[in-house]
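# Structural overview for review
Each chain, written out:
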Amino acid sequence: MQEAILQKVLERYERLKAARAPLQSVWAEISDYTLPSATKRGAAGARPPQIYDATAPRALARLAATLHSMLTNPAQRWLAIKTNPMELMGLTEVMRWVQAIEDTCLEAINASNFHMKAQEFYLSLIAFGTGILFLDEGENTNGAPLVFRTLPVGECVIAENEHGFVDVLFREFSMTARNVLRQFGEKACNGAIREKAEKAPDEEIRVLHAIFPKEDYGWSKGGGKPYASIWIASDWRHILKEGGYYEFPAFVTRWNTAPGEIWGRGPGMESLPDVKTVNKMTRDILEAASKIITPPLDVEYKSYLTPLDATPGRINTRAKGASPVSPLYVVDGKALPLTDAMIERVRQSINETFYYDAISLIRADRMTATEVMQRAEENVRILGPTYSRLVHEYLEPLTRRVFGIMSRRGAVPVPPETLGWYAAKVRIEYLSPMSRAQKMSDVAAIQRALSFVATMAQISPDMLDIFNFDETARHVADITGVPAKLLRSAEEVNRMRQERAQAEAIQRQMQLVQQAAEIGKTASQIRL
């Protein structure tokens, strides 16, 4: 049974790899011009870099760093957990439990290698249009619970489920025989692998890692985990390891896709024609400048008694009657400024493709707060669709898996009974600068409305009854990212108001008693 399923798995991998084949040449060009570090070059037959202009690599690095700071900044609380219904967040025990979960998840993420690998993920996502971040659970309970890896898109093939989310991943890559033996153990390896590990430990072996829903083939291994995991030595079709995952461990994120596409397309692919053009133009200018400075020479045969030496200050002895050296042809340098202007236009086009204007918030020396807010809203409209895709394909599954891993390790506190009474559910929300910027339009609308109502209330004070100022304050605090522990619960607010009302009532009674005593004293002094 397992052998028949293995055959189907391998056949599926070959089909998906054939579907990916047309993209390989495009990815290779993007690697050459935009992300050269992603191209593997061996010692023999090495392909030299073809970069003469660094506009695209700089734009890629700048956009990747900006996305990291806008989405998953390690210095900020970029995720929040809420309850559904939302009214339960007003209860003190629920608010503290939610805060504890947020702290646990963020501390685990920041203590892992996430931020190092996230930067690689953003580079791949922007350059190739698809980024794959893999989250493994630490095997040692005393060690780091989260282990992240960024997978090269050229080693992976993917498939979507009926909802358009990736739930199948195959990755074929090379490992040395020594590392295969160390990772999977001597018992799991066949005789050929053990022999290679002994005689040629650095010889590479092709390994295929397949992850798919168990229901696809009725795979029985891996316990109650819904996703199957199979490690296969490709050359021998030998299973090295079988297991599974509780959550899909690979966060396959696409920058954007056209209808019917599985693999994404991003700024790196969109800018490729301009990048190749500016590299060609820059190379031609360098060649032209070189010909102007050191042009090819026209020299008569045996016109010089000694080998010609163009070193400054050298003396060359010319034969009597021989013509002096002259340039073979003259390159007109007047066209170079025009070419520079053309190159600058292409560079500007590349920067626009990599959202240079959108990520450069303040371009003028002085901008008012209103201008900054309007610019932020404009930038969010540009990056909004991409951000929404990042949330659904990257941030949400990432947080769910982190929450699941930490729960299984017993690091998440027990939920309060209140949640069980209301059959409440936990939902994920994000507090990144980009998400806050998307919501800042609500704050601006509230400010305008309250300013108008405050003016009109001088004529009709009853207008203030329209607003629920408690909910307004909580809504603004939620949008602007105020930590929940800084806000009092509804119970605490009601108790404080009751105590304040009682104190005011006692104060009024004391004032009435004092006034009555003064009246009595005054009346006793009146002579009838």
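Residues numbered from 1 in each chain as written. Predicted model: local features only at pLDDT ≥ 70, side-chain atom pairs only at ≥ 80, totals over all residues. Heavy atoms only, no water.

### Section: the sheet that holds strand β4 (residues 156–160)
Each strand in a sheet pairs with its neighbour through backbone hydrogen bonds, running either in the same direction (parallel) or in the opposite one (antiparallel). Sheet architecture is open: five strands sit in the order β4-β5-β6-β7-β8, paired in antiparallel fashion. Each edge of the open sheet carries a strand with a single partner, namely β4 and β8 (238–245). When the angles between neighbouring strand axes are averaged without regard to direction, this sheet yields 15 degrees. Both strand β7 (residues 227–233) and β8 contribute to a ladder of seven bridges, which runs antiparallel. Bridging across to β8, Ile230 finds its partner in Glu242. (Pairing = 2+ DSSP bridges. Helix = DSSP H or I, 4+ residues; strand = E, 2+ residues; numbered from the N terminus. Axes fitted to C-alpha atoms, helices over the stretch in contact; angles between N-to-C directions.)

### A short note on the confidence of the model for the protein
Summing up the model confidence of the protein, the mean pLDDT is 83 and the portion of residues at 70 or higher is 85%. Predicted confidence in the protein is weakest over strand β12 (residues 425–430), with a mean pLDDT of 63, and strongest over strand β9 (residues 250–254), with 97. Of the regions scoring below 50 in pLDDT, residues 41–45 engages in five contacts with residues more than four places distant in sequence or in other chains. (pLDDT = per-residue confidence, 0-100. Contact = heavy atoms within 4.5 Å.)

### Overview of the nonpolar core
Among the nonpolar cores identified, the biggest contains 80 residues, and Phe114, Leu169, Tyr394 and Leu398 are the most heavily contacted of them. Looking at this core element by element, the count peaks at 10 residues for helix α11 (residues 369–408). Formed by 18 residues, the second largest nonpolar core is a distinct cluster that contains Leu6, Val9, Tyr13 and Leu16. (Core = buried A, V, L, I, M, F, W, Y, C linked by side-chain atoms within 4.5 Å. Buried < 20%, exposed > 50% of the residue type's maximum accessible area, 1.4 Å probe, protein only.)

### Regarding the packing of aromatic side chains
Think of a pair of aromatic rings as described by two things: how far the centres are apart, and how the planes are tilted against each other in angle. One pass over the structure, following the stated rule, counts 15 aromatic pairs. Taken together, a centroid distance of 6.4 Å and an interplanar angle of 70 degrees make the contact between Trp27 and Phe128 edge-to-face. Of this pair, Trp27 sits in helix α1 (residues 2–33) while Phe128 sits in helix α4 (residues 114–128), and the two are 101 residues apart along the sequence. In textbook terms, an aromatic cluster arises when at least three aromatic residues are bridged by ring pairs, as seen for Trp27, Phe128 and Trp263. A cation over a ring is seen here: Arg171 above Phe173, with NZ or CZ 4.0 Å from the ring centre. (Phe/Tyr/Trp six-rings, centres within 6.5 Å; stacked < 30°, edge-to-face > 60°. Lys NZ or Arg CZ within 6 Å of the ring centre and 35° of its normal.)

### Thoughts on the pairing of strand β3 (residues 146–150)
Walk down a regular strand and you will see the side chains alternate between the two sheet faces. In β3, alternate side chains face the same way, and those of Leu146, Phe148 and Thr150 are buried while those of Val147 and Arg149 on the opposite face are not. Of the pairings in the sheet, the one linking strand β2 (residues 130–137) to β3 comprises five bridges and is antiparallel in character. Counterpart to Leu133 in the pairing with β3 is Thr150.

### Some details on the packing of helix α5 (residues 177–184) against helix α6 (residues 191–199)
It is the contact of α5 with α6, at a shortest axis distance of 8 Å, that shows an interaxial angle of 120 degrees. Viewed along their axes, α5 and α6 adopt a mutual orientation that is oblique. Between α5 and α6 the crossing geometry is left-handed. Contacts between α5 and α6 involve Ala177, Arg178, Val180 and Leu181 from the first element and Ile193, Arg194, Lys196 and Ala197 from the second. (Parallel < 35°, antiparallel > 145°, perpendicular 65-115°, else oblique. Left-handed = near helix turned anticlockwise from the far one by under 90°.)

### Considerations on empty space enclosed by the protein
All chains considered together, the criterion is met by one cavity of 30 Å³ or more. There is about 30 Å³ of room inside the largest cavity. As for the largest cavity, its lining consists of Phe134, Arg149, Leu151, Leu169, Arg171, His209 and Ile211. Of all the elements in the fold, those that place two or more residues in the lining of the largest cavity are β5 (166–176) and β6 (204–213). Residues of the lining of the largest cavity, tallied by class, amount to four nonpolar, one polar and two charged. (1 Å grid on protein atoms, 1.4 Å probe; cavity = no way out; pocket = protein on both sides within 12 Å on 5 of 7 lines; lining within 4 Å. Points joined across faces, edges and corners; volume = space filled by probe spheres on them. Nonpolar A, V, L, I, M, F, W, Y, C, P; charged D, E, K, R; others polar.)

### Side note on the environment of Pro413
Mapped onto the secondary structure, Pro413 falls in the loop between α11 and α12 (417–421). Classification of Pro413 by relative accessible area gives partly exposed; the value is 30%. Along the backbone, Pro413 and Ile101 are 312 residues apart, and their C-alpha atoms lie at a distance of 7.3 Å. When neighbours within four sequence positions are excluded, Pro413 is seen to be in contact with Trp97, Ala100 and Ile101.

### Considering a nonpolar patch on the surface
There is a patch of nonpolar side chains on the surface, built from Leu297, Val299 and Leu308 and spanning about 230 Å² of accessible area. For Val299, the location among the structural elements is in the loop between β10 (297–298) and β11 (326–327). A residue is classified by how much of its surface remains accessible, and Val299, at 37% relative accessible area, is partly exposed. (Patch = residues over 30% accessible without salt bridge, like charges linked within 9 Å, V, L, I, M, F, W, Y side chains within 5 Å. Areas by Shrake-Rupley, 256 points an atom, 1.4 Å probe, with all protein chains shown as cover. Salt bridge = Lys/Arg side-chain N within 4 Å of Asp/Glu carboxyl O.)

### Re the pairing of β7
The buried fraction of β7 amounts to seven of the seven residues, a majority that puts the element mostly inside the structure. Alternating positions in β7 separate into two faces, Tyr227, Ser229, Trp231 and Ala233 on one and Ala228, Ile230 and Ile232 on the other, with burial throughout. As paired strands, β6 and β7 are joined by seven bridges and run antiparallel to one another. Paired with Pro213 across the two strands is Tyr227, which belongs to β7. Between β7 and β8, which pair antiparallel and follow one another directly, the connecting turn spans four residues, one of which, Arg237, has a positive phi of 50 degrees.

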